[in-house]
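Residue-level listing of the chains:
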Amino acid sequence: MEFLGEKGLPSAKLQDVVLENPQKTFNEVLDNMKKLYKEKLVHADLSPYNILIHKGQVFFIDMSQAVLLDHPHAQDFLEKDVENISKYFSKEGVKDAEYEKIMEKIKG
């Protein structure tokens, strides 16, 4: 674990930035969600408030709520994470940010 920021100031939350390329950022978020799922993890509290943009890269934070896929509520948590990401990036104009498409890409 390390501090993400510069000169003592933390990196911005996704919620607080204006994205130059929302599609690129969406793809990075989706890639990270897929990596977690492949490792049998669900963030369980993913939203634009728990994603930092540091030097142009996406970082998930607040992983303390993450659960393994065999957790009884893992599917519910994944659905909420996907819903949050879909809602945010749809508002940003990303065309393939529909809930079903995201879920399909995560689960493969």
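Our structure's up above, just so we're on the same page.
Please read all numbers here as calculations on a predicted model, not as lab measurements.

S.K.: I tried to follow helix 2 (residues 74-91) on my own but got confused; where do I start?
M.R.: Residues spaced three or four apart along an α-helix point in a common direction, a consequence of the helix completing one turn every 3.6 residues. When the terminal C-alpha atoms of helix 2 are compared, their 26 Å separation across 18 residues agrees well with the 26 Å that a helix rising 1.5 Å per residue should span. Every buried residue belonging to helix 2 is among Ala-74, Leu-78, Asp-81, Val-82, Asn-84, Ile-85, Ser-86, Tyr-88 and Phe-89, and all of these are buried. The elements touched by buried residues of helix 2 are helix 1 (22-38), strand 4 (41-42), strand 5 (51-54), strand 7 (67-68) and helix 3 (99-107). Residue Gly-93 follows helix 2 closely and has a positive phi angle near 90 degrees.

S.K.: Where do I start with the pattern of salt bridges in this structure?
M.R.: When charged atoms on two side chains of opposite charge get close, those side chains can pair. Counted under the stated rule, the structure contains four salt bridges. Of the charged contacts, one joins Lys-101 and Glu-98 as a salt bridge, the two residues approaching to 3.5 Å between their closest N and O atoms. With a relative accessible area of 41%, Lys-101 lands in the partly exposed category.

S.K.: So what exactly am I meant to see when it comes to unusual backbone geometry here?
M.R.: A negative phi angle characterises most non-glycine residues, just as the trans form characterises most peptide bonds. In this model, Lys-7 sits at a positive phi of 55 degrees, which is unusual for a non-glycine residue. According to the relative accessible area criterion, Lys-7 is exposed, its value standing at 86%. Although it is not a glycine, Lys-40 adopts a positive phi angle of roughly 70 degrees. With respect to the element layout, Lys-40 can be found in the loop between helix 1 and strand 4.

S.K.: Would you mind going over the pairing of strand 5 with me for this structure?
M.R.: Side-chain positions along a regular strand alternate between the two faces of the sheet. Of the two faces of strand 5, the one holding Ile-51 and Ile-53 and the one holding Leu-52 and His-54 are both buried throughout. Pairing of strand 5 with strand 6 (residues 57-60) involves four bridges; the strand directions are antiparallel. By the bridge assignment, Leu-52 is partnered in strand 6 with Phe-59. Hairpin connection between strand 5 and strand 6: a loop of two residues separates the two successive antiparallel strands, and Lys-55 in this loop has a positive phi of roughly 50 degrees.

Scoring rules and cut-offs
Residues numbered from 1 in each chain as written. Predicted model: local features only at pLDDT ≥ 70, side-chain atom pairs only at ≥ 80, totals over all residues. Heavy atoms only, no water. Helix = DSSP H or I, 4+ residues; strand = E, 2+ residues; numbered from the N terminus. Expected span 1.5 Å × (residues − 1). Buried < 20%, exposed > 50% of the residue type's maximum accessible area, 1.4 Å probe, protein only. Contact = heavy atoms within 4.5 Å. Salt bridge = Lys/Arg side-chain N within 4 Å of Asp/Glu carboxyl O. Pairing = 2+ DSSP bridges.

That is the geometry; function is a separate question.
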